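Architecture and fold: a report
Below are the chains, spelled out letter by letter.
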Amino acid sequence: AQVAFAVMLIAGSSLPVTRAADFFVTTNAEIQTALGSAVAGDTITMANGNWTNQNISFATDGDPNNPITLRAETAGQVILNGSSTLDISGDWLVVDGLRFEGGALSDGSNAIVEFRGSNGEATNSRFTNSAIIGYNPANINDRYHWVEMFGTNNRVDNNRFENQNHSGVTVVVRRDDPGADHHLIDRNHFVDRPVGNGNGWETIRVGTSAESLSNSFTTVENNLFERVD
């Protein structure tokens, strides 16, 4: 019995073991370097602190069982400010724990967080456990969106969107064609969105009148709305 047991241990030890890598980064340049090496299942961890005027391109591909994750070292303690933005571009990507606060974009910019970029429109990707707070321009009529969803099968969930006081939409599903989107917008907290003075100001908008006769199949559920228009 002892010999048989030893043989079993030797046989078991020959099985390959795959361990996901975690790249700890302190600059946007280091994020891009990490993306050059990251494979499905890996994580890129952003150091706590202020990240000012950073246009982060999270452009790569994971797989259905092993997404690639861009996350904060500590949720809520990676603070993107100034003119910082984030593009999520590719397949099976997760962004977790970021906080956008103390910044603003110029009039006519697209979005603070955008589900498209150098690797195309995002699919099967997620923006979660994050916050955008008071990322407002000086002029309330300047328009850009806080989150723009492109592609298909993406999710925006468990985020806090607070104190948006300008005419852009908080979360918008951009529909370039009348095809189904199958996005999920769930378990977010939308708070303190004042009544607007004209067009715009929506908290959530799916498409525009141009696509109003086609089905997005976007699901909006289990969100909390407090003091919003």
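Residues numbered from 1 in each chain as written. Predicted model: local features only at pLDDT ≥ 70, side-chain atom pairs only at ≥ 80, totals over all residues. Heavy atoms only, no water.

Let's shift gears to the pattern of salt bridges. In the structure shown here, the tally under the stated rule is 10 salt bridges. A salt bridge links Asp157 to Arg126, with the nearest nitrogen and oxygen atoms 2.8 Å apart. With Asp157 in strand E16 (residues 155–157) and Arg126 in strand E13 (residues 126–128), this pair connects stretches of sequence that are 31 residues apart. Note on Asp157: relative accessible area 0%, which makes it buried. The salt bridge partner of Asp192 is Arg227, with a shortest N-O separation of 2.5 Å. In this pair, Asp192 is assigned in strand E20 (residues 189–193) and Arg227 in strand E23 (residues 224–228), connecting sequence segments 35 residues apart. Using a relative accessible area of 28% as the deciding quantity, one classes Asp192 as partly exposed. (Salt bridge = Lys/Arg side-chain N within 4 Å of Asp/Glu carboxyl O. Helix = DSSP H or I, 4+ residues; strand = E, 2+ residues; numbered from the N terminus. Buried < 20%, exposed > 50% of the residue type's maximum accessible area, 1.4 Å probe, protein only.)

Glycine aside, negative phi is the norm for most residues, and most peptide bonds take the trans geometry. Despite not being glycine, Trp92 shows a phi value in the positive range, around 60°. Its place among the elements puts Trp92 in the loop between strand E7 (85–91) and strand E8 (93–96). Positive phi values are uncommon outside glycine, yet Asn158 reaches one of about 55°. Counting through the fold element by element, Asn158 comes out in the loop between E16 and strand E17 (160–162). According to the relative accessible area criterion, Asn158 is partly exposed, its value standing at 37%.

Let us now look at empty space enclosed by the protein. Summed over all chains, the structure comprises 1 cavity of 30 Å³ or more. If you add up the space inside the largest cavity, you get close to 50 Å³. As for the largest cavity, its lining consists of Trp146, Phe161, Glu162, Asn163, Gln164, Thr170, Phe190, Val191, Asp192, Arg193, Thr203 and Val228. Those elements that provide at least two residues to the lining of the largest cavity are E17 and E20. Looking at the lining of the largest cavity element by element, the count peaks at 4 residues for E20. Partitioned by chemical class, the residues of the lining of the largest cavity number 5 nonpolar, 4 polar and 3 charged. (1 Å grid on protein atoms, 1.4 Å probe; cavity = no way out; pocket = protein on both sides within 12 Å on 5 of 7 lines; lining within 4 Å. Points joined across faces, edges and corners; volume = space filled by probe spheres on them. Nonpolar A, V, L, I, M, F, W, Y, C, P; charged D, E, K, R; others polar.)

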